[in-house]
Amino acid sequence: MGYDLLSAFAPHEGELIAIRRDIHKHPETAFQETRTAALVAEKLRGWGLQVHTGLAGTGVVATLKGRRVTGDKARDGRSIGLRADMDALNLQEKNDFAHASAYAGKMHACGHDGHTAMLLGAARHLAADPDFAGQLHFIFQPAEEGEGGARVMIEEGLFEKFPCDAVYGMHNMPGTPLGHFAIRPGAMMAASDTWTTVFRGTGGHGAMPHMGSDPTMAAAAFVTATQQIIARNVSPQHAAVISVGHIAAGAYGSPNVIPSQVTIRGTARSYTPADRDLLERRLNELAQGIAAAHGVSVEHDYLRRYPPLVNAAAQTAIAIRAATALVGADKVDGDTEKLTGAEDFAFMLERKPGAYILIGNGGSVADGSCHYVHTPHYDFNDAILTTGAAYWVELVKQELGVS
Ligand SMILES: [Zn+2]
Ligand SMILES: [Zn+2]
């Protein structure tokens, strides 16, 4: 069956490639995806879907009712959200093919052009024959990269306007074989938080440290102590990361001056809400305790950016069934490793059960036959457009299908 679905997409592959390359050539960053959103809305309307625009500024949501009625209220009232991200990155593209970015300093280096095209492909196919019960919401969101577009859509009423019983997402993965799928139940991507610690003392003459208080000693102790949180507070069964990304103090030309202030900034990654609470609490306790021990003051701030991405067990099983029906069990890894990166689809999964799957973009990063996301030579692989679109259709069959 699955292979029939793939061949059903073959006649539309050219159109999907054209859409993908058009979006790639015209990359738009967080909340500025006006051209992309207009293109998406126009296509969806043209295929007969009911389209809503303006959520989170440039968000587009299209609704499609299934034509099947089972008489079972729960089944007929069921709604599923399928989500793609539309935004590009602030990066100068170094590719020179015809569809390379026309905008200086902006690039689709994460494949969101492909994600948008794949979900459009699914919408077109399903609108032509909505052979399912219940309804679908196709969610095209802005600002996945660092700006939390999913969170903003939710704050602006996404799930009140478009109630969803489950939500699904998909991302391409360079280095994973072409058209293979990878997923895991439970935590799959990390929470990504940012912390800032400022130690303040009197500073003073480098020759007379006893005359004042020295925030550099507190800062040095603190940087080392952050790793004790990982080694001594986080369970050895769990994974977590704390890294320092920025230290600033004093002046290069004044090695004989003890600075009065040291600023340290870093990232904290965790996979469970409890571990996230633990990192936040322990960083603060260490900052306060170390400041007290060194006779300096401290200002410590922990900014929660993206929550951990947690796949629900039932929806992950459905996603695995859909991918397996499409490409065969040998091409589906249902127990893939966690990633330490973050993804703002996690905000949707905080509210609704769902599953986020990876689709192989092909090649090998090691031998240079592919480029990783967020690098200037990356390109989404058009060879997976129809597989990705067909995955969405197969997922709808598994979720809302009537046999
Ligand atoms: Zn990205
Ligand atoms: Zn991405």
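What you are looking at is a predicted structure, and each value in this text was computed from that prediction instead of being measured.

Draft legend 1. Quick look at the coordination of the zinc ion (ligand 2). Taken together, Cys110 (SG), His112 (NE2) and His171 (NE2) make up the protein donors of the zinc ion (ligand 2), found 2.0 to 2.3 Å from the metal. Of note, the donors binding the zinc ion (ligand 2) are all from one chain and are spaced C-x1-H-x58-H. The distance between the zinc ion (ligand 2) and the zinc ion (ligand 1) is 3.1 Å, with Cys110 acting as a donor to both metals. This pair shows no difference in class: Cys110 is buried, exactly as His112 is.

Draft legend 2. Inspection of the sheet that holds strand S5 (residues 166-174) at higher detail. Strand order in the open sheet made by the eight strands is S1-S2-S4-S3-S5-S16-S6-S15, with mixed pairing throughout. Lying at the two open borders of the sheet, with one neighbouring strand each, are strand S1 (50-55) and strand S15 (332-333). Two elements, strand S3 (residues 79-85) and strand S4 (residues 135-141), share seven bridges in a ladder whose sense is parallel. Looking across to S4, one finds that Arg83 is bridged to Ile139. Most of the contacts of helix H10 (residues 313-327) go to strand S16 (residues 354-362), to which it runs at about 35°, and overall it touches S5, strand S6 (181-182), S15 and S16.

Draft legend 3. Region of the structure containing the packing of aromatic side chains. Counted by the stated rule, this structure contains six aromatic pairs. By way of ring pairs, the aromatic residues Phe181, Tyr391 and Trp392 are connected into one cluster. Above the plane of the ring of Tyr306 lies Arg305, whose end atom (NZ or CZ) is 5.5 Å from the centre. The ring of Phe159 has Lys352 lying over it, and the distance from NZ or CZ to the ring centre is 5.3 Å.

Draft legend 4. Quick look at the packing of helix H2 (residues 13-25) against helix H12 (residues 385-400). Where H2 meets H12, the axes come as close as 9 Å, and the angle between the chain directions of the two elements is 105°. The orientation of H2 relative to H12 falls into the category roughly perpendicular. For the pair formed by H2 and H12, the contact residues are Glu13, Leu16, Ile17 and Arg20 on the first element and Leu385, Thr386 and Ala389 on the second. Of the residues in the contact of H2 with H12, the class split is four nonpolar, one polar and two charged.

Draft legend 5. Spotlight on the nonpolar core. One finds Leu44, Phe138 and Tyr391 to be the most contacted residues of the largest nonpolar core, which totals 90 residues. No other element matches H12, which puts nine residues into this core. When residues no more than four places from it in sequence are discounted, the contact partners of Tyr391 are Met170, Phe181, Ala319, Ala322, Ala323, Leu326 and Ile357. The next biggest cluster of nonpolar side chains, apart from the first, holds 23 residues, and it includes Trp195, Ala225, Ala240 and Ala268.

Here is what the cut-offs are and how they apply
Residues numbered from 1 in each chain as written. Chains lettered and ligands numbered in written order. Predicted model: local features only at pLDDT ≥ 70, side-chain atom pairs only at ≥ 80, totals over all residues. Heavy atoms only, no water. Donors = N, O, S within 2.8 Å, 3.2 Å for Na, K, Ca; no water. Buried < 20%, exposed > 50% of the residue type's maximum accessible area, 1.4 Å probe, protein only. Pairing = 2+ DSSP bridges. Helix = DSSP H or I, 4+ residues; strand = E, 2+ residues; numbered from the N terminus. Contact = heavy atoms within 4.5 Å. Axes fitted to C-alpha atoms, helices over the stretch in contact; angles between N-to-C directions. Phe/Tyr/Trp six-rings, centres within 6.5 Å; stacked < 30°, edge-to-face > 60°. Lys NZ or Arg CZ within 6 Å of the ring centre and 35° of its normal. Parallel < 35°, antiparallel > 145°, perpendicular 65-115°, else oblique. Nonpolar A, V, L, I, M, F, W, Y, C, P; charged D, E, K, R; others polar. Core = buried A, V, L, I, M, F, W, Y, C linked by side-chain atoms within 4.5 Å.

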